[in-house]
Amino acid sequence: MNKRHLLQFAAALTLGAALGGAQAQQSTPIKFQLDWRFEGPSALFLTPLAKGYFKEAKLDVSIDAGNGSGGAVTRVASGTYDMGFADLAALMEFHANNPDAPNKPVAVMMVYNNTPAAVMALKKSGISKPADLSGKKLGAPVFDAGRRAFPIFAKANGVSNVTWVSMDPPLRETMLVRGDVDAITGFSFTSLLNLEARGAQASDVVLFPYADYGVKLYGNAIIATPKMIKEHPEAVRAFLKAFARGAKEVMANPDAAIEYVKQRDGIINVELEKRRLRLAIDSVIASPDARAEGFGRVVPSRLALMASQVSDAFNTKTRVNPDAVWNPSFLPSAAELNVLPPARK
């Protein structure tokens, strides 16, 4: 190769590297924090990741498992994560208790239109209606969403004088089955299946979903940092669009989506997680309220009522400002949000 050809070759290599670098720079990195472990519902996020929908949208997304909504909110607020998935009540509490925090996350898409929180008891306890919980011993981790919001449930259903027992999450259902507590709070699609795994039959369980007993709290939403929103608004918009695309496929064929969960946690019980995902879809994602309000959206009056209820029940330092926790301006189009499966007849 003569000198002229060598220079041309070197120039081509330099140009190729520059173009490659420019293409690489076009992808916006997004670190995403889930609220919980890799279980059935996480398929909503793992599916668009595995199928390349985020990548097609010029996003370099990484998804990590979590250990609770409170942790997800604080990790996003710290800047460790750019976006996350967390209970809206936990987000409201963070805002109201940290009014001067510089990077308070904001909810940008509602996913669980109803809170999955519920009270569960065994029929042998004699508890058949919410009022029967008065004077009883209830168990849940201190950070459990259902436990935090229980004062709202109690007020709506005339429950009083309950005693709380705290434990780590893996012991909650075990303590109910053993009779150490009379009832527990937890996400319905998590605790119901955990009770079955510990020997209880579904027919043995009394279930009081908050949404069916006068507590119309919103559940989990996708959250983003103000920094992400300000510096990469198109990336936030692209993320929600790709997520909605994947969520539609998950709800159309939830069983197949569990394969992407198994890829992240090889020891999951596949059949159990299929049931968990279907329960989540039916009870809180494609619920009647979600169909009425539209997937991804909230109703301002309902959001304002929830803000007031959370302020009171959580005894926050300042009142929750509903306008500060919710930003719908990045939502996909109505056609792209048309993801819910047909209603069952």
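For the structure itself, consult the block above.
Residues numbered from 1 in each chain as written. Predicted model: local features only at pLDDT ≥ 70, side-chain atom pairs only at ≥ 80, totals over all residues. Heavy atoms only, no water.

Engineer: How would you explain the overall build of the protein if you had to name every residue and give the values?
Structural biologist: Helices and strands together make up the secondary structure of the protein, namely 16 helices and 10 strands. On C-alpha atoms alone, the protein measures out to a radius of gyration of 22 Å, which is about the 20 Å that the 2.2 N^0.38 rule sets for 345 residues. Projected onto the principal axes, the alpha-carbon positions of the protein cover approximately 90 × 45 × 40 Å. Going through the 345 residues of the protein one by one, you find that 52% of them count as buried. Restricting the contact set of the protein to residue pairs at least 6 apart, pairs at least 24 apart contribute 81%. When the accessible surface of the protein is totalled, it reaches about 15,600 Å², and 54% of it is carbon and sulfur. (Helix = DSSP H or I, 4+ residues; strand = E, 2+ residues; numbered from the N terminus. Rg over C-alpha atoms; globule rule 2.2 N^0.38 Å. Buried < 20%, exposed > 50% of the residue type's maximum accessible area, 1.4 Å probe, protein only. Contact = heavy atoms within 4.5 Å. Areas by Shrake-Rupley, 256 points an atom, 1.4 Å probe, with all protein chains shown as cover.)

Engineer: Can you lay out the packing of aromatic side chains for me, pointing to particular residues and giving the numbers?
Structural biologist: Going through the model one piece at a time under the given rule, you end up with 13 aromatic pairs. Centre to centre, the rings of Phe-150 and Trp-164 are 5.3 Å apart; their planes meet at 85°, and the pair counts as edge-to-face. Pair noted here: Phe-150 is in helix H7 (residues 150-157) and Trp-164 is in strand E7 (residues 163-165), with a separation of 14 residues, a long-range link. Residue Phe-150 is classed as buried on the basis of its relative accessible area of 4%. Judged by its relative accessible area of 25%, Trp-164 falls in the partly exposed class. For Arg-302, the ring lying beneath its charged end belongs to Tyr-218, and the centroid distance is 3.8 Å. (Phe/Tyr/Trp six-rings, centres within 6.5 Å; stacked < 30°, edge-to-face > 60°. Lys NZ or Arg CZ within 6 Å of the ring centre and 35° of its normal.)

Engineer: Residue-level account of the sheet that holds strand E10 (residues 220-224), with values.
Structural biologist: In space, the 5 strands of this open sheet follow the order E2-E1-E3-E10-E4, with mixed pairing throughout. In this open sheet, the two edge strands, each paired with only one partner strand, are strand E2 (59-64) and strand E4 (106-110). Going across the sheet, the axis of each strand differs from the next one's by a mean of 30°, ignoring polarity. Judged from the 2 bridges that link them, strand E1 (residues 28-33) and strand E3 (residues 83-87) form a sheet pairing that is parallel. When the bridges of E3 are listed, Phe-32 appears paired with Met-83. Taken strand by strand, helix H2 (residues 43-50) contacts E1, E2, E3 and E10, and its axis lies near 145° from that of E2. (Pairing = 2+ DSSP bridges. Axes fitted to C-alpha atoms, helices over the stretch in contact; angles between N-to-C directions.)

Engineer: I'd like to hear about the sheet that holds strand E9 (residues 205-209), residue by residue, with values.
Structural biologist: Consider a sheet: its strands pair through backbone hydrogen bonds, and that pairing is either parallel or antiparallel. Strands sit in the order E7-E6-E8-E5-E9 across an open sheet of 5 strands; the sheet is mixed. Each edge of the open sheet carries a strand with a single partner, namely E7 and E9. This sheet shows a mean twist of 30° between the axes of neighbouring strands, independent of strand direction. Sheet topology note: the strand E6 (residues 137-139)/E7 ladder contains 3 bridges and is parallel. If you follow Lys-137 over to E7, its bridge partner there is Thr-163. Its contacts with the sheet put H7 on strand E5 (117-122), E6, E7, strand E8 (183-187) and E9, and the angle it makes with E5 is roughly 70°. Here helix H9 (residues 188-197) sits on the sheet in contact with E5, E8 and E9, set at roughly 125° to E8.

Engineer: Break down the packing of helix H12 (residues 254-264) against helix H13 (residues 270-285) for me, citing the residues and quoting the values.
Structural biologist: Packing of H12 against H13 leaves a shortest axis separation of 9 Å and a crossing angle of 120°. Our classification of the angle between H12 and H13 gives oblique. Crossing of H12 against H13: the hand is right-handed. For the pair formed by H12 and H13, the contact residues are Pro-254, Asp-255, Ala-257, Ile-258 and Lys-262 on the first element and Val-270, Glu-273, Lys-274, Leu-277, Arg-278 and Ile-281 on the second. (Parallel < 35°, antiparallel > 145°, perpendicular 65-115°, else oblique. Left-handed = near helix turned anticlockwise from the far one by under 90°.)

Engineer: How would you summarise H2 if you had to cite specific residues and measurements?
Structural biologist: In terms of burial, H2 is largely enclosed, as 6 of its 8 residues are buried. If you check which residues of H2 are buried, you get Ala-43, Leu-44, Phe-45, Leu-46, Thr-47 and Pro-48. Count one or two residues on from H2 and you reach Gly-52, which has phi positive near 80°.

Any functional reading would require information that these geometric values do not contain.
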